[in-house]
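What follows is the residue order along each chain.
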Amino acid sequence: MMKKSVALLMLLAMVFMVACSGQTTPPEPAASAAPAEPDEPAAPAEPETAPEDGKKGTIAVVCYVTSAPYFAFGEKQAIATGEALGYDVIWTGTPEVDTPGLIDIITNLIEQDVDAICLASGDTTSVVPICQEAMSKGIKVVSFDLDIAPEGRDVYAGLMDLAELGIPQVESIVDSIGTEGKYAIMTGVLTNEFLQSRIDLCLNYAKEKYPGLECVTIEAMDEDPEKAYNVTMDILNTYPDVKAIMSNVSTALGPIATAIEDAGKIGEVYACGQSSPNLAKPGMASGAVVSAILWDTAKWQSWAITIAANLIEGKDMPVGKISIDGFPDAERFTEDVFYYYETFTFTPENINNYDF
Amino acid sequence: MRANSKAVFAKSSTIMILLFIALFIFFSVASRHFFAVGNIMNLFAQMVELGLLTLAMAVSMISGGMDLSIGTLCSFCTVLLAIFISQLALPAGIAIVLVLLIALLCGALNGFFVGYLHITPMLVTLGTQSLFLGLGLVVSKGVTVSIPIDQLAIFGRYKIGGVFPFQILLFIAAIIFSVILFNHSRTGRRIYLIGSDAEVARFAGIDIRNNLLFTYVFSSFMAFAAALVIASRISSGRADVASARILQTVCAAVFGGVSTLGGIGTIGGAMLGVAVITIVSNGIDMLQVSQFLQQIITGGMLLIVLAFRHARKNNLGIA
């Protein structure tokens, strides 16, 4: 029986070696991707363990739900961006929301002497202590996606003030129905101050720039797709002359489009506003959606890596408009907040290029 | 038969220890970051939360049930700690005592339904899982509640001599306490018998109701202890912070030889299960391997260990 035990252990060891051997070799650097030269490079702190293959260092991208297509879609581009800048990239995170697990992962990254951590966290405060520990050891911490408390990161690599996403949302109404007509707004929850401020911005922007647009109602879907469907049906019955229903969150557009289709209103009413591309695809196919907006989630990860690399190398990035390759409209908004202002409009022509 | 059963699980423990050592050696050779004092300390510190919750799960499984509520109860406790300390400005000591009492009350609620009303433990704790999550969401209004960073620091962030995480000592104390209670005391033997065959236990004159009540109160105590460590590490409380750990605790307990049918398994075995799962998680991070692969490896190892255990049972003629 002892022989069987030893055999079992050997088998397990082999499984591990096979499983791990293909993953530990850093990918070959892209031949065409020349590392960016810093303007005024500061000498980076020498890590305990030098990166392999003459790389400048290692940047980790940590996401709080790696199984979500929203994040997973960006893995390849994040690694390629790191390669282009001369860094190894560790792309990791918890497969599902698991804050203690996320903290363990960050702890392990600290132990590996990474040079920077780009972090998308599910909440603003839980990761602050471990991020402070990372910063105390000289690791640059860059938050992206949703920001975390400022004391837990060096900088936030943001897209824009997300309340201002209201402007392209209104533009998607105009793309769908023109500059005149009645529209309704579907938001997440009515008690969310952030979503409410975006609605205020939408209303003010539309009133100033497109006075022919009239908002007839603001409804909430409470993050429940079935409710979004039912509320859309109610809107279509109550306001028969409504021409567009604008989603103020990325999860409502799909059910709005389905309801428009089921109500036989294709070509008369359009779903528009914010959406992830996969949720918008059926509506684009049926004709209930002709324009939806979000951001390129993969590019956001590239943005965070780029900012992290610049911080590691001590590049000069003064407050105000800054010039960064690939991010022509970038701005250092404040000392610790960067924006790159690049929303994305999905149309039937380009939507199949995205899968998240 | 009982001697044979013991032989199987003694052998299982040996296999788990050998597996842990093999993994330790493998990761030490494969990763230049693994075998470092800092990481070894991290490795043991990372066992603490899962370990405390697995203690809670293992004893409920040994008693013939399964406490699915420990994750949300633990999360609820982190929320209460945060509310009491941050919003009600109670001293940390008083907040801890109050939350402990509430946690024990929650455990007693589970124990009452299981022991006194004879409702299937999984159904009871499925209900209280939802109840505790709901309470946590209502109390926290669905958001993360911060705790001042200097509060509760000792339970999850303090390192003795700047090296040794204090929570490891807490964990060791919890293991010793549990081993004495469940593997070397009359109460423990009664709970094993109840888990093995409740009818036989009843005919033996064992007070099933109060012993089951005690089991679930014990589980809630361990969930509370895990909450202390988590709240300290994240300096906050959140209604779902430990929810994802439930399946891991079942996996660790089964890995370590605790039977889902009750009456079989040891605290030590369950802790070996925790050790193996944690070293896989830590080692894979050190090797920079995908977290997705970690799930496959853990699941694969569990199946191999279960198959091995089944084969041993058959060889020894155990039904």
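Criteria and thresholds
- Residues numbered from 1 in each chain as written.
- Chains lettered and ligands numbered in written order.
- Predicted model: local features only at pLDDT ≥ 70, side-chain atom pairs only at ≥ 80, totals over all residues.
- Heavy atoms only, no water.
- Contact = heavy atoms within 4.5 Å.
- Buried area = accessible area lost by both parts, 1.4 Å probe.
- Salt bridge = Lys/Arg side-chain N within 4 Å of Asp/Glu carboxyl O.
- Helix = DSSP H or I, 4+ residues; strand = E, 2+ residues; numbered from the N terminus.
- Nonpolar A, V, L, I, M, F, W, Y, C, P; charged D, E, K, R; others polar.
- Pairing = 2+ DSSP bridges.
- Axes fitted to C-alpha atoms, helices over the stretch in contact; angles between N-to-C directions.
- Buried < 20%, exposed > 50% of the residue type's maximum accessible area, 1.4 Å probe, protein only.
- Polar contact = N/O pair within 3.5 Å; in protein donor to acceptor, adjacent residues only side chain to side chain.

A. A look at the interface of chain A and chain B. At the junction of the two partners, chain A supplies 40 residues and chain B supplies 47 residues. At the boundary of chain A with chain B, total buried surface from both sides reaches about 4,000 Å², with 64% on carbon and sulfur atoms. Across the pair Glu133(A) and Lys159(B) runs a salt bridge whose closest N-O atoms are separated by 3.9 Å. When contributions to the side of chain A that touches chain B are tallied by element, the ones reaching two or more residues are α1 (2-24), β2 (87-93), α4 (99-111) and α5 (128-136) of chain A. Element by element, the count of residues in the side of chain A that touches chain B is highest for α1(A), at 11 residues. Its residues assigned to classes, the side of chain A that touches chain B shows 16 nonpolar, 16 polar and eight charged.

B. Focus on the sheet that holds strand β7 (residues 213-220) of chain A. All names here are of chain A. The strand order across the open sheet formed by four strands is β7-β6-β8-β9, and the pairing between neighbours is parallel. Both outer strands of the open sheet, β7 and β9 (270-273), are each paired with one neighbouring strand and no more. Direction aside, neighbouring strands of the sheet carry axes that sit 30° apart on average. Two strands pair when backbone bridges link them, and strand β6 (residues 181-187) and strand β8 (residues 242-247) are joined in this way by five bridges, in the parallel orientation. Across the sheet, the residue bridging to Ala184 is Ile245, located in β8. Relative to β9, helix α9 (residues 253-262) is tilted by about 170°, and along the sheet it contacts β6, β8 and β9.

C. The sheet that holds strand β5 (residues 155-158) of chain A, seen in detail. All names here are of chain A. Pairing in this open sheet of eight strands is mixed, and the strands run β2-β1-β3-β4-β5-β13-β12-β11 from one edge to the other. Single-partner strands in this sheet number two, and they are β2 and β11 (320-321). One ladder, built from five bridges, connects strand β1 (residues 57-63) with strand β3 (residues 116-120); its direction is parallel. By the bridge assignment, Cys63 is partnered in β3 with Ala120. Sheet contacts for helix α11 (residues 297-313): β1, β2, β3, β4 (140-143), β5 and β13 (337-339); angle to β5, the most-contacted strand, approximately 145°.

D. Just the side chain of Ser75(B), in detail. Residues and elements named next belong to chain B. Within the secondary structure layout, Ser75 lies in helix α3 (residues 70-87). With a relative accessible area of 0%, Ser75 lands in the buried category. A distance of 2.8 Å separates the side chain of Ser75 from the backbone oxygen of Gly71, its partner in a polar contact. If sequence neighbours within four positions are ignored, Ser75 has contacts with Arg238, Ala239, Asp240, Val241, Ala242 and Ser243.

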